[in-house]
Amino acid sequence: MKDLKTNFIGIESPNPFWLASAPPTDKAYNVNRAFEAGWGGVVWKTLGEAGPPIVNVSGPRYEALHGRDRSVIGFNNIELITDRPLEVNLEEIKQIKRDWPDRALVVSLMVPCQEDAWKSILPQVEDTGADGLELNFGCPHGMSERGMGAAVGQVPEYVEMVTTWCKQYSRLPVIVKLTPNVTSIRQPARAAKSGGADAVSLINTINSVMSVDLDSLSIKPSIDNMGTHGGYCGPAVKPIALHMVSDLARDPECQGLPISAIGGVSNWRDAAEFLLLGAGNVQVCTAAMTHGFKIVDDMIDGLSRFLDDKGFLSVTDMVGRAVPTLTDWQHLNLNYTVKAQIDQSLCIKCGRCHIVCEDTSHQAIRATHNGERHYEVMEDECVGCNLCVTVCPVENCLTLRSLSNEVDARTGAYVDPDKALHWTAHPNNPMAQS
Amino acid sequence: MELIATAHNGTPGIAAERLTEEECARNFCEMHVPLERNAARVEAERCYFCFDAPCMEACPTGIDIPGFIRMIANGNPTGAAGLILNENILGGTCARACPVETLCEGVCVRNQGDDRPVNIGLLQRYAVDKAMQQGAEFFTRAEASGKSVGVVGAGPAGLACAHRLAVLGHNVVIYEARPKSGGLNEYGLAAYKMLNEFAQREIGLVLSVGGIEIKHDAALGKDITLAQLQSQHDAVFLGVGLGGGSGLGIPNEDAEGVMDAVTFIDALRQAPKLSAVPVGRQVVVIGGGMTAIDAAVQARLLGAEDVTLVYRRGPDAMKASILEQEFAKIRGVTIRYWAQPVGVAVESGRASGVEFETTSGAAAGERFVLSADMVLKAIGQSPHESPHGDGPAFDLAGGRFVVNDERQTSRQGVWAGGDCVDGGDDLTVSAVQDGKIAANAIHNALKAP
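Note on numbering: residues in each chain are counted from 1, in written sequence order. All chains are assigned letters beginning at A, and all ligands numbers beginning at 1, according to the order in which they are written. Given that the model is predicted, a residue must reach a pLDDT of at least 70 before its local features are reported, and side-chain atom pairs must reach 80 or more before they are shown or counted; all residues, however, enter totals for whole chains, interfaces and linings.

Trainee: Sorry if this is basic, but what is going on with the overall build of chain A here?
Mentor: Along the backbone of chain A there are 13 helices and 22 strands. When its C-alpha atoms are laid out on the principal axes, chain A stretches across 80 × 55 × 50 Å. Here chain A holds 434 residues, and 44% of them are scored as buried. By definition, residues are in contact whenever their C-beta atoms, placed on the basis of the backbone, come within 7 Å of each other. Counting only contacts in chain A whose residues sit at least 6 apart along the sequence, the fraction spanning at least 24 positions is 70%. Each helix is a run of H or I in the DSSP string that is no shorter than four residues. Each strand is a run of E no shorter than two, and both are numbered from the N terminus. Between the buried cut of 20 or more and the exposed cut of 12 or fewer other C-beta atoms within 10 Å of a residue's own C-beta lies the partly exposed class, and all C-beta atoms are placed from the backbone.

Below is the structure:
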């Protein structure tokens, strides 16, 4: 079983699983439990400036999107940054770092966009012995109304400016946490890099309204019959996070900028995907908030065995391995051809493949044969779209077969696996370059 | 289910109160525990929502099963009940009494592989029960047609026919020979399938549409004649069911202690107190259908010490499904296959046992005697001697009406359905379909110029 030790921008941790800045890392009690459970590091819940503490709502602050059997698919919150006094947090951070020297302890910060505010808090954090800073430019609710969080993250100039201050007034490594509530994630990431950031972390939560209560006709979570948009996270956001992480990983201007990935990481498989798409480690929140800290056991064991299976020497060895497989649409091979195929020995004859293809796609699956209930792909109609595969309830019953050295019955074209054709050179493309 | 209470030290012969009323009530608990809201939602989500769903094809009434299950999954059980009742107004009884393992659930695609089918029966029950609790109304009558239809028999076929006709705007009078409506739903199904007066509550649902009058104690051929009905009504539907149980044709079958299983079940269903129903200590049931199973199981539940069901062929040939057979075995009924009765043994004028002959295998022809103080005959019901009363002749096959696809008899203006027609299969759900088809046919005939 491979060791999962990682070194992320100089911060060492026994594994790449950190708890993200959020309720699970708000105080020593929780963080102690997390480290006892085996988490590699934590990003302490965001600290604000000294003074009267933050006030949270006393109504519900979380709401979930449930799947079958009430599993939590998506999760949203309207909680603000820590509502405990700054000095209490700093004291606890100091003690925790003393008690757990081998774990990563990064402190998340969010103070007003003024140089003095940052200049004042940075040395206090440095005094705790913490390993690094994470700048919270991501929270989309509440604090953003006060000009902080996502309000900063959405303006690349502000991102760069504040990052510069932090690098100027602190010796600690700086991770800039990005908001996904932007048109392109590359702009704020590049700004962080020009400001001297050591790394970026993403994604923070996504603007969301979870649901409307159909009895009261008001939005949920409801605070005295009113609600506000919150930050969305959990398994449902993983594909969005994967896109943004990988988009930075392949951005030429962001080359060399380490990424700490956040967004729906629930198990070792999710973590492996983020690592393969360029993340140096991962941060977890919702999965812990819905199952407790013990889930890290499976993450550690699963990822370690995966390294063994794939022959990777270390976590670092696998980072970014899948990035080269991501490209623009125009570079996809248009000669590559697949057809759906049904394993009749596994088919339970539910007909879902037929009806979705018939009603919404390419009319390529017949429902009867000799008057019997029998589902079969008609290769002369099948475009290989994968819809039938996604709705088939039986694993491996419907699969895609790639054509090789044969004629595509639909187009009549001969499929030569050695001859790729990209849009950039396609005859139908008026801009094609031969 | 709890272990059933069984009498010990049982009085020989046929006796009431082998168990206390409390023990009886516990024994006659729900055969299947109904689903509560969350369990129903989880079960509903197991449905694959098949294209051209096999379950739907297997349902004699053609209920849109994936459609109603989807409504349950999405928190709309009332809509689900609407879909069900629109095709099968007795969907509540069918959800309880249908042999789903041989119909809808038997063909569920989830049976393939190692899976179990979606529990369609319980889901249907959940939706209909919920809607009935809420008093939801699903039907509005069409504009009054001014036509009147006489329906003979307030069993499943008659009720379904009457309901559909009423919805279509016709007035209906049902003539029922017995003092209560429901036919076999009221008199013939096992008590543990129809708890809390369900048959009567469901009839309330049928009648709530309006336009249906029921005259009880009005037997065709005795209190009324077909000629009278035809003169009073624009059309007539006969849903008269079958007569008494068939005879075994063996010596001493009239001895005291021998009775039809349907009579036993009828008495049990109508008893104000279950513990007051007399039952033997040693009971032998002869037959292989659901009535045989229902009679055998209920004899056990009333406290009979020893109940043996004897069938002349093997388990697969039995009309009662394998599941029903297992159900009976779990409740302590012994099932003996491959034996047929040859005579009832009598002591002091009372049945003391039944002699059987083995019908198959190396021991074929061998005889043996099972002691019994009660013998229940469940080899099917015979048609009424004259199913149409004393009126003119009809085309009959084996005493049952010959009907066309529209359920019209050989006689102009007379339709028939349920067990009394040739090809009937003893199922409530099929009787409902007959009534529905006949009602549509009658409607078309009545509106024709």
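Trainee: Looking at this structure, I do not really get the pairing of strand E9 (residues 174–177) of chain A. What am I missing?
Mentor: Side-chain direction in a regular strand flips from residue to residue, so the side chains alternate between the two faces of the sheet. Residues and elements named next belong to chain A. On E9, burial covers both faces: Val174 and Val176 on one face and Ile175 and Lys177 on the other are all buried. Relative to strand E10 (residues 199–202), E9 is paired through 3 bridges, and the arrangement is parallel. Counted as the bridge partner of lysine 177 is serine 201 from E10. Once the chain exits E9 it traverses helix H6 (residues 186–194) before rejoining the sheet at E10, and the crossover so formed is right-handed. What makes two strands pair is DSSP finding at least two bridges between them. Here a crossover is taken to be right-handed if, once the strands point away from the viewer, the path from the first strand over the helix to the second is traced clockwise.

Trainee: How do you make sense of the nonpolar core when you look at a structure like this?
Mentor: Buried together is how nonpolar side chains tend to be arranged in soluble globular proteins. A set of buried residues qualifies as a nonpolar core if it consists of Ala, Val, Leu, Ile, Met, Phe, Trp, Tyr and Cys joined through C-beta atoms within 7 Å. The biggest cluster of nonpolar side chains holds 160 residues, and the ones touching the most others in it are Ile72, Phe237, Val285 and Ala296 of chain B. Beyond its immediate chain neighbours, meaning those up to four positions away, phenylalanine 237 of chain B contacts Val149, Val151, Val152, Gly158, Cys161, Trp415, Ala416, Gly417, Ala438 and Ile442 of chain B. One finds Met110, Leu135, Cys139 and Ile259 of chain A within the second-largest nonpolar core, a separate group that totals 96 residues.

Trainee: Which parts of the structure should I look at to understand helix H5 (residues 156–169) of chain A?
Mentor: Helical geometry: 3.6 residues make up each α-helical turn, so side chains three or four residues apart lie on a common side. All names here are of chain A. An ideal rise of 1.5 Å per residue puts 20 Å on 14 residues; H5 measures up with 20 Å between its terminal C-alpha atoms. For H5, every residue scored as buried is listed here: Pro156, Val159, Val162, Thr163, Trp165 and Cys166. Looking at the packing, one finds that the buried side of H5 touches helix H3 (115–127), strand E8 (132–136), helix H4 (150–153), E9 and H6. Expected span of a helix: the number of residues minus one, times 1.5 Å.

Trainee: Explain the confidence of the model for chain B to me, please; I cannot follow it from the model alone.
Mentor: When pLDDT drops low, the exact placement of atoms in the prediction is not to be read closely. Chain-level statistics for chain B give a pLDDT mean of 94 and a share of 98% at 70 or above. Under the prediction, the complex receives an ipTM of 0.83, its pTM being 0.88. Confidence of the predictor at the level of single residues is given by pLDDT, which spans 0 to 100.

Trainee: What should I look at first to understand the sheet that holds strand E1 (residues 148–152) of chain B in this one?
Mentor: Within a sheet, neighbouring strands are paired by backbone hydrogen bonds and run either parallel or antiparallel to one another. Residues and elements named next belong to chain B. Spatial strand order, E3-E2-E1-E4-E15: 5 strands in an open sheet with parallel pairing. Two strands lie at the open edges of the sheet, namely strand E3 (212–215) and strand E15 (414–416), each paired on one side alone. The sheet shows a mean angle of 20° between the axes of neighbouring strands, direction not considered. Bridge analysis of E1 against strand E4 (residues 235–238) gives 4 bridges, and the strand direction is parallel. Each bridged residue has a counterpart across the sheet, and for valine 149 the counterpart in E4 is alanine 235. For helices, the fitted line uses only the C-alpha atoms of the stretch in contact; every axis is such a line through C-alpha atoms, and the angle between N-to-C directions lies from 0 to 180 degrees.

Trainee: Even after reading the chapter, I still don't get helix H7 (residues 238–249) of chain A, so can you show me in this structure?
Mentor: The end-to-end C-alpha separation of H7 of chain A is 16 Å, in line with the 16 Å expected for 12 residues at 1.5 Å each. Buried positions along H7 of chain A lie against H6, E10, strand E15 (259–262) and helix H8 (268–276) of chain A.

Trainee: Sorry if this is basic, but what is going on with the interface of chain B and chain A here?
Mentor: In this assembly, 9 residues from chain B lie in contact with 11 residues from chain A. Among the residues forming the side of chain B that touches chain A, the class breakdown is 5 nonpolar, 2 polar and 2 charged. Residues are grouped as follows: Ala, Val, Leu, Ile, Met, Phe, Trp, Tyr, Cys and Pro are nonpolar; Asp, Glu, Lys and Arg are charged; every other residue, Gly included, is polar.

Trainee: How do you make sense of unusual backbone geometry when you look at a structure like this?
Mentor: It is generally the case that most residues other than glycine have a negative phi and that most peptide bonds are trans. With an omega dihedral of 10°, the bond running from leucine 202 of chain A to isoleucine 203 of chain A counts as a cis peptide bond. Its place among the elements puts isoleucine 203 of chain A in the loop between E10 and strand E11 (206–208). Of the consecutive residues lysine 220 of chain A and proline 221 of chain A, the connecting peptide bond is found in the cis state with omega at -5°. Locating proline 221 of chain A in the fold gives a position in the loop between strand E13 (218–220) and strand E14 (230–233). The phi angle at asparagine 405 of chain A is positive, at roughly 55°, despite the residue not being glycine. As for its placement among the helices and strands, asparagine 405 of chain A is situated in the loop between strand E20 (398–402) and strand E21 (406–407). The phi angle at serine 348 of chain B is positive, at roughly 45°, despite the residue not being glycine. Counting through the fold element by element, serine 348 of chain B comes out in the loop between strand E9 (339–347) and strand E10 (350–358).

Trainee: Help me understand the sheet that holds strand E5 (residues 258–260) of chain B, please; the structure alone is not making it clear to me.
Mentor: Residues and elements named next belong to chain B. Read from one edge to the other, the open sheet built from 5 strands follows the order E5-E12-E6-E7-E8, with strand pairing classed as parallel. The sheet terminates laterally at E5 and strand E8 (333–336), the two strands that pair on one side only. Strand-to-strand twist of the sheet, defined as the mean angle between neighbouring strand axes without regard to direction, takes the value 20°. In the sheet, strand E6 (residues 282–286) pairs with strand E7 (residues 306–310) via 5 bridges, with the strands oriented parallel. Directly across from valine 284, in E7, lies its bridge partner threonine 308. Running at roughly 75° to E5, helix H12 (residues 261–270) makes contact with E5, E6 and strand E12 (374–377) of the sheet. Along the sheet, helix H14 (residues 322–330) contacts E7 and E8; its crossing angle with E8, the most-contacted strand, is approximately 130°.

Trainee: Would you explain the environment of asparagine 77 of chain A in this entry?
Mentor: Residue and element names in this part refer to chain A. Within the secondary structure, asparagine 77 sits in strand E6 (residues 72–77). For asparagine 77 and serine 208, which are 131 residues apart along the polypeptide, the C-alpha to C-alpha distance reads 9.2 Å. Every residue in contact with asparagine 77, bar those within four places of it in the chain, is listed here: Arg61, Tyr62, Gly230 and Gly231.

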